[in-house]
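# Analysis of the macromolecular model
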Amino acid sequence: MSDQGAGPGAGGGAGGVQRAWRAACTFCGAPVEFRSAASPMAVCSFCKSTLVRDGESLRRIGQSAALFDDHSPLALGARGQHQGEAFTLIGRLQRAYKDDAGEEGRWTEWHALFDNGRSGALSEDNGAYVMSFALQPSQALPLRELMQAAIGQSVVIDSRPWVLSSRVQAHTHAAEGELAVKPDFTRECPVLELRNTAGEVLSIEPEAQPVQLDVGRSVQLADLRLSGIPDAKLVAEGKLQAKGIECPHCGTSLTPTLDSAQSIVCTSCKSVIDISKGLGSDLAYYRQDNTLEPLIPLGKVGALKVGGKAESWQVVGYQERCDVPEDAHEEQTFWREYLLYNRMQGFAFLVDAEDGWSLVRTVTGVPAMKGDTLVYQGKTYRKRYTYPAKTTYVLGEFYWPVRKEQRTLNTDFAGQGSNSSLRLNREQTGNEVTWSAGETIEAQAVMSAFQIAKQSMGAFKRDATPMSAESKKWLTQVMWILLFLFIVILLEKCSDDCSDVRSNYGEYSTEYQQCRASQGSGSSSHGGSYGGYNSGGFHK
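Residues numbered from 1 in each chain as written. Predicted model: local features only at pLDDT ≥ 70, side-chain atom pairs only at ≥ 80, totals over all residues. Heavy atoms only, no water.

Okay, the overall build of the protein chain next. Per the secondary structure count, the protein chain includes 8 helices and 32 strands. When burial is assessed residue by residue, the protein chain has 49% of its 540 residues classed as buried. When the accessible surface of the protein chain is summed, it comes to about 25800 Å², and 51% of that surface belongs to carbon and sulfur atoms. (Helix = DSSP H or I, 4+ residues; strand = E, 2+ residues; numbered from the N terminus. Buried < 20%, exposed > 50% of the residue type's maximum accessible area, 1.4 Å probe, protein only. Areas by Shrake-Rupley, 256 points an atom, 1.4 Å probe, with all protein chains shown as cover.)

And the structure:
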């Protein structure tokens, strides 16, 4: 073993040099280095043995499973800065869990060692990233209350209010490099997530000894000034050369291209394939039947302002969703969601609903709720609708496991007054609540961003938002529309009044069949461009 000064890649701030501790792997003899004096465990880079520091020696306690090949934009040895302090990524954990339907999901936690000796975790969070640090509570934790609390319930921890957003049974699947904590590879344990109005997320592992708490905030990879990460072009070329998978239904060769993809749709038979357990495992899938193609093709890149800054976003996934009325005779509302990806920004959702287009992202914190209104980032929102929803059709790749007719409970909120274009959504799936925030966007702006031909305007046009320029334009034409409608009634028009719906969505689409059925029954529209009750749906 040896004790030596670490080089620039291992840290070393102005206040001193971090010391690196090195010893031989007890299984294969390869050198294993500890850059942090506080790290209790590391994984041998050669034989994957998990090694625990035991005094001045190493003790082997097992072997790590193979890491998921998630094509992450991050890498061991990468350097960055957060709040003025430099750090190095020296290890990572891959955690896995099962949701309420038994489907497996996963996330990755990177061990960030700062030059001042502090350890943090750069973790995945709903398609984004969070930088978190260990929290030492000054008061006893209400663990029993937390384990029994309903998802969405408010609790007080360390004199601060939090909202319970997730509770899952998770286990450590695999590890690499140097770890800040000693994980247990042999058992599942509960992991709780709580969020607050300050934009923070609190993770609690109540069965760890001692209880483990980490608190963090959302970060953008682009703001961390990362260096030493894989070049985007080289990563893309590597993916093209990588061994793909065969669709378990039709045998078509498929190569996932999305970072952290957990589901992929076959380009031939449209089967949805679960790859959350890795590409080398038995692949579960389900069939789906639908002939519709998205208005914006998969792979298309567009320049959109997400969070105030124009970036290039690629369409990597597409899903069709609808509400689930309590009464079988009620009309359904349908909307479409495009999953957008930017390598350094993460994910966003472009939503095509009956009342217009919107652009949203998941958020780390939660709004402050006051009855049917809430406040988020100083803006007031009012509740619009609460409705159950389900996914009916998907294409492309997704960072979460997609299952057939996946169901959620959604609540939509809209900004008030001059902020009427702002949108918020609360979505609950089993034991998890996710909030998303964004704003409406004009159809013309969507077409311009993705360079869609003007001839397609009819397919992109939706009901304009109340405060938009489009609404003012249409108000000037109300009298002409009424006049034409009167003429149509007098002439007892015999042609198909749903021709626009057919041309936009297809002859066999649900919207077209619903429109024809409404004509036959004489039912009336409750709102929305093509009839049917408008439940919003501007969220992922």
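Membership of the largest hydrophobic core comes to 42 residues, with the highest contact counts inside it found for I296, L304, L340, L350, W357, F450 and F460. Those elements that provide at least two residues to this core are strand 22 (301-306), strand 23 (309-323), strand 24 (334-342), strand 25 (346-353), strand 26 (356-362), strand 29 (379-398), helix 3 (443-449) and helix 4 (457-460). A per-element tally of this core places strand 29 first, with 7 residues. Not counting residues within four places of it along the chain, the set of residues in contact with L350 comprises I296, R336, E337, Y338, L340, W357, S358, L359, I441, V446 and F450. (Core = buried A, V, L, I, M, F, W, Y, C linked by side-chain atoms within 4.5 Å. Contact = heavy atoms within 4.5 Å.)

Moving on, we come to the pairing of strand 14 (residues 189-195). The element strand 14 is extensively covered by neighbouring structure, given that 6 of its 7 residues are classed as buried. Alignment of strand 13 (residues 160-179) against strand 14, held across 7 bridges, turns out to be antiparallel. Residue pairing across strands places R167 opposite L192, the latter belonging to strand 14. Taken together, the 4 bridges between strand 14 and strand 15 (residues 200-205) define a ladder with antiparallel strand orientation. (Pairing = 2+ DSSP bridges.)

A separate point is the pairing of strand 16 (residues 212-219). Pairing analysis gives 6 bridges linking strand 11 (residues 128-134) to strand 16, with the strands arranged antiparallel. Along strand 16, the bridge assignment pairs V130 with S218. With 6 bridges joining them, strand 15 and strand 16 adopt antiparallel strand pairing. In the sheet register, S203 faces strand 16, and the bridge partner there is D214. The antiparallel pairing of strand 15 with strand 16 creates a hairpin that spans 6 residues between the two strands.

What follows is about unusual backbone geometry. The peptide bond linking Q209 to P210 adopts the cis configuration, its omega dihedral lying at 0°. If you trace the backbone, P210 turns up in the loop between strand 15 and strand 16. Phi at D158 is positive, roughly 55°, even though this residue is not glycine. Relative to the assigned elements, D158 resides in the loop between strand 12 (154-157) and strand 13. Phi at S159 takes a positive value of approximately 70°, unusual for a residue other than glycine. Relative to the helices and strands, S159 resides in the loop between strand 12 and strand 13.

A word on the side chain of R167. Mapping R167 onto the fold places it in strand 13. No salt bridge forms around the buried R167; measuring N to O, its nearest opposite-charge neighbour E145 is 10.0 Å away. Among the polar contacts listed, one links the side chain of R167 to the backbone oxygen of M147, at a separation of 3.4 Å. If we ignore the near neighbours within four places in the chain, the residues touching R167 are L146, M147, Q148, A149, I151, V191, L192 and N431. (Lys, Arg positive; Asp, Glu negative; His and termini not counted. Salt bridge = Lys/Arg side-chain N within 4 Å of Asp/Glu carboxyl O. Polar contact = N/O pair within 3.5 Å; in protein donor to acceptor, adjacent residues only side chain to side chain.)

With that out of the way, let us pick up the pattern of salt bridges. Evaluated as defined, the whole model comprises 13 salt bridges. Between R160 and E200 there is a salt bridge, with the nearest N and O atoms lying 2.7 Å from each other. On the criterion of sequence distance, the pair formed by R160 in strand 13 and E200 in strand 15 is long-range, its members being 40 residues apart. Given the relative accessible area of 12%, E200 is considered buried. Here K390 and E405 are joined by a salt bridge, their closest N and O atoms 3.6 Å apart. Highlighted residues: K390 in strand 29 and E405 in the loop between strand 29 and strand 30 (407-415), separated in sequence by 15 residues.

Before going further, it helps to spend a moment on the packing of aromatic side chains. Within this structure, the stated rule accounts for 10 aromatic pairs. Their ring planes at 45° and their centres at 5.6 Å tell us that F114 and F133 sit as a pair that is tilted. One end of the pair, F114, is in strand 9 (residues 104-114); the other, F133, is in strand 11, and 19 residues separate them in sequence. An identical accessibility class is assigned to F114 and F133; each is buried. Of the aromatic side chains, those joined through ring pairs into one cluster are Y318, Y338, W357 and F460. Over the face of the ring belonging to F133 we find R118, whose NZ or CZ atom lies 3.8 Å from the ring centre. (Phe/Tyr/Trp six-rings, centres within 6.5 Å; stacked < 30°, edge-to-face > 60°. Lys NZ or Arg CZ within 6 Å of the ring centre and 35° of its normal.)

A separate point is the environment of L224. Turning to its location among the elements, L224 is positioned in the loop between strand 16 and helix 2 (232-241). The spatial distance from the C-alpha of L224 to the C-alpha of Q81 is 5.1 Å, given a sequence separation of 143 residues.

Take P161: it is sitting in strand 13. On the accessibility criterion, P161 (60% relative accessible area) is exposed. C-alpha of P161 to C-alpha of N196: the two residues are 35 residues apart in sequence and 6.8 Å apart in space.

Here we take up the confidence of the model for the protein chain. Note: predicted coordinates in regions of low pLDDT should not be interpreted at a detailed level. For the protein chain, the average pLDDT comes to 75, and 64% of its residues sit at 70 or higher. Within the model, the stretch residues 1-19 combines pLDDT values under 50 with 42 contacts to residues more than four positions away or in other chains. Low pLDDT (under 50) marks residues 233-243, which in the prediction has 7 contacts with non-local residues, meaning those over four places away or in another chain. (pLDDT = per-residue confidence, 0-100.)

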